[in-house]
Amino acid sequence: MYVAVKGGEAAIANAHRLLADERRGDRSVPELDVAQIREQMSLLVDRIMTEGSVYDRDLAALALKQARGDVTEAIFLVRAWRNTLPRFGASAPVDTAAMRIRRRVSATWKDLPGGQVLGPTFDYTHRLVDFALAAGGEPEAAATAEPADDSRDCPRVTDLLDDESLIERHDAVADGPAPDLTREPLAFPANRSLRLQALARGDEGFILALGYSTQRGYGRTHPFVGEIRTGDVEVFFTPEELGFAAPLGRVTLTECQMVNQFHGSKERPPQFTRGYGLAFGAAERKAMAMALVDRSLRARELGEEMTSPAQDEEFVLAHCDPLQATGFVEHLKLPHYVDFQAELELVRGMRAAHAARRDAPANNETLTADPAPAREAAE
Amino acid sequence: MNPTSYEPASGYNFAYLDEQTKRMIRRAILKAIAIPGYQVPFASREMPMPYGWGTGGVQVTAAILGPQDVLKVIDQGSDDTTNAVSIRNFFRKTAGVAVTTRTADASIIQTRHRIPETQLSAGQVLVYQVPIPEPLRFLEPRETETRKLHALGEYGLMYVKLYEDIARNGHIATTYAYPVEVAGRYVMDPSPIPKFDNPRMHDMAALQLFGAGREKRIYAVPPHTSVRSLDFTDHPFTPQVFTEPCALCAARGVYLDEVILDDRGQRMFVCSDTDFCEERRASGHRGHLLGEAPAALSGQPAQQEAC
């Protein structure tokens, strides 16, 4: 048995060729095209856009195809591409109150201005595998209705109680210009804008599990879904030479406003506080989980006792990025034989010392055979 | 491999990164050189290779690379490990610079886990890939705390750790990424090079730059700077010593890789620095197993006498 040491260029080239072949799968089955992925795997495309931080459905669909359906790999492709784009400015904050609603539900109000709109949701479906779908066939067309007169009037739930100051307000202007996580290194303590940015780009599974942990007592926040809305908003940008805001186009967003109990502190009266989640496309799970974690991360600001991972900004922000996590975990498969050689010598030496002590017990009354607390094995 | 130039890929800026990004990285590098051993935060970019695979080193190299440079990339001391091949190809593709495997011919050497055996000279730059730039990280997980400790020059934690090693094992049980003190001030992680390499960081004629992409830090050791491996007067720092010479080129006093030859416990020790080993063999040095070594190691068919 001989372990090859040299990784030749030919081996790499052939591995990539094999990868492309496996991506294609059985060549007697028709190839997926990008438009099919974009239209029929749209929730996956939304996730890639959100964590990839690029709103481009075709690009995300292509990345998914290239990545053989590996979401993290697709996000990786999208982010690396995004990184090569020039940055010419920041858009005006989008106005989600003016969203063209596709779905909007509130758990805190039975009815409210603008109404509850179920929209295309898996909620209330029975999760029975539809074997008929395997045979194909077109579903019936969606039901339609005349728009109600007040369809434009769909204020955010969190603005409804403003008069009484029962729910905290958030003054966007006070925050100043939004920081950019991809252009500034993350420093701690981070402000809320930066945290939200990191959470929006954060891995859905990780954020979901953290949000879930707050519901199970690890940094409890007593949340209610004030509102979830999905729909299209217009994006405006003010070019310097123009001097006024020009519309750039529409993006689909999902926004979640969590409303959380707050018992008050010396400085602040009891009030409902807010956790906020926002994601590209239809991404309700992500937006809700993000809102839970956002609220939880405000523990320090609100003077709450900090006991749990989801309240720990350094823990959450340093570990939520899917690419940072996957890169560092997977780098363990790179060769480490120089370091391993160093450890081999160390363990051999310690084993020899251990054997010597064992064979001469008279000289050894206190020393024990503790294994060395060696540094984390591979880096 | 002799230095050869290639046509760069179209559609990308020279060496992949845009000029604004390079300027930002160069500023961080300048600051790092001005404060030896201090970790400078920088806005690390997402590169087209994964975090943990050298994105920090790649960004530093991309920022300092010029069309006239000759680049060498090694991983574990070798030019032929897959990731070194991949990074070298990346710069060949995006910058079209000349690449080489000969240490003496390179103006920039990007490395993972080793310092080349051949002594580096003034004008050369050694770029290290760094996974965890914070030497105190495994003693104190919080960045806010570790930055404070560095600011105060408070390295008691590290000395306590080394002391506990001695109390438990009779010696310091850190074999790689062995912490160093730079220019009498900052304690620095030398990246996971074996402690064998530590002494060569001291007073090195070449500029040493360290890039950590995922952790967004750059640090530096300017030429001819003092680099001291942490130790105690009664327990001085001792690098690894190999008892046998390289089986291919008979070199002593170099770092060796242990290569398992079969499933019956047969093994041989060969130079970790493949270029160094090849050059020695080219100038006539012969190790005791040169004729029998697998071709993938020796670069020549087994059982065949080299002349």
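Structure: above.
As a starting point, this report considers the structure included with it. (Residues numbered from 1 in each chain as written. Chains lettered and ligands numbered in written order. Predicted model: local features only at pLDDT ≥ 70, side-chain atom pairs only at ≥ 80, totals over all residues. Heavy atoms only, no water.)

Details of the overall build of chain B
In step 1: The helix and strand inventory of chain B stands at eight helices and twelve strands.
In step 2: Relative to the globule expectation of 19 Å for 307 residues, the C-alpha radius of gyration of chain B, 20 Å, shows essentially globular dimensions.
In step 3: With the principal axes as the frame, chain B shows a C-alpha extent of 60 × 60 × 35 Å.
In step 4: For chain B, restricting intrachain contacts to residue pairs at least 6 apart in sequence, the fraction spanning at least 24 positions comes to 63%.
In step 5: For chain B, the exposed area adds up to about 12,000 Å²; of that, 53% sits on carbon and sulfur atoms.
In step 6: Distance from the positive charge centre (32 side chains) to the negative charge centre (35 side chains) of chain B: 5 Å. (Helix = DSSP H or I, 4+ residues; strand = E, 2+ residues; numbered from the N terminus. Rg over C-alpha atoms; globule rule 2.2 N^0.38 Å. Contact = heavy atoms within 4.5 Å. Areas by Shrake-Rupley, 256 points an atom, 1.4 Å probe, with all protein chains shown as cover. Lys, Arg positive; Asp, Glu negative; His and termini not counted. Charge placed at Lys NZ, Arg CZ, Asp CG, Glu CD.)

Quick notes on the interface of chain A and chain B
In step 1: Taken together, the contacts link 53 residues of chain A with 67 residues of chain B.
In step 2: Interface area, chain A with chain B, both sides summed: about 5,300 Å², of which 57% is carbon and sulfur.
In step 3: If you look at where chain A meets chain B, you find four salt bridges.
In step 4: Between glutamate 46 of chain B and arginine 79 of chain A there is a salt bridge, with its nearest N and O atoms 2.4 Å apart.
In step 5: At the junction of chain A and chain B, the tally comes to 21 residue pairs in polar contact (both at pLDDT 80 or more). (Buried area = accessible area lost by both parts, 1.4 Å probe. Salt bridge = Lys/Arg side-chain N within 4 Å of Asp/Glu carboxyl O. Polar contact = N/O pair within 3.5 Å; in protein donor to acceptor, adjacent residues only side chain to side chain.)

Structural notes on a nonpolar patch on the surface
In step 1: The grouping of Leu166, Phe224 and Phe272 of chain A at the surface amounts to a nonpolar patch, some 240 Å² of accessible area in total.
In step 2: The topology assignment puts leucine 166 of chain A in the loop between helix H7 (157–160) and helix H8 (192–201). (Patch = residues over 30% accessible without salt bridge, like charges linked within 9 Å, V, L, I, M, F, W, Y side chains within 5 Å.)

Section: the sheet that holds strand S6 (residues 180–182) of chain B
All names here are of chain B.
In step 1: Read across the sheet, three strands follow the order S7-S6-S10 without closing on themselves; strand pairing throughout is antiparallel. Each edge of the sheet is formed by a strand with only one pairing partner; in this case those strands are strand S7 (186–188) and strand S10 (227–229). Neighbour-to-neighbour, the strand axes of the sheet open up by a mean angle of 35°, direction not taken into account.
In step 2: Across three bridges, S6 lies against S10 in antiparallel orientation. Bridging across to S10, glutamate 181 finds its partner in arginine 228. (Pairing = 2+ DSSP bridges. Axes fitted to C-alpha atoms, helices over the stretch in contact; angles between N-to-C directions.)

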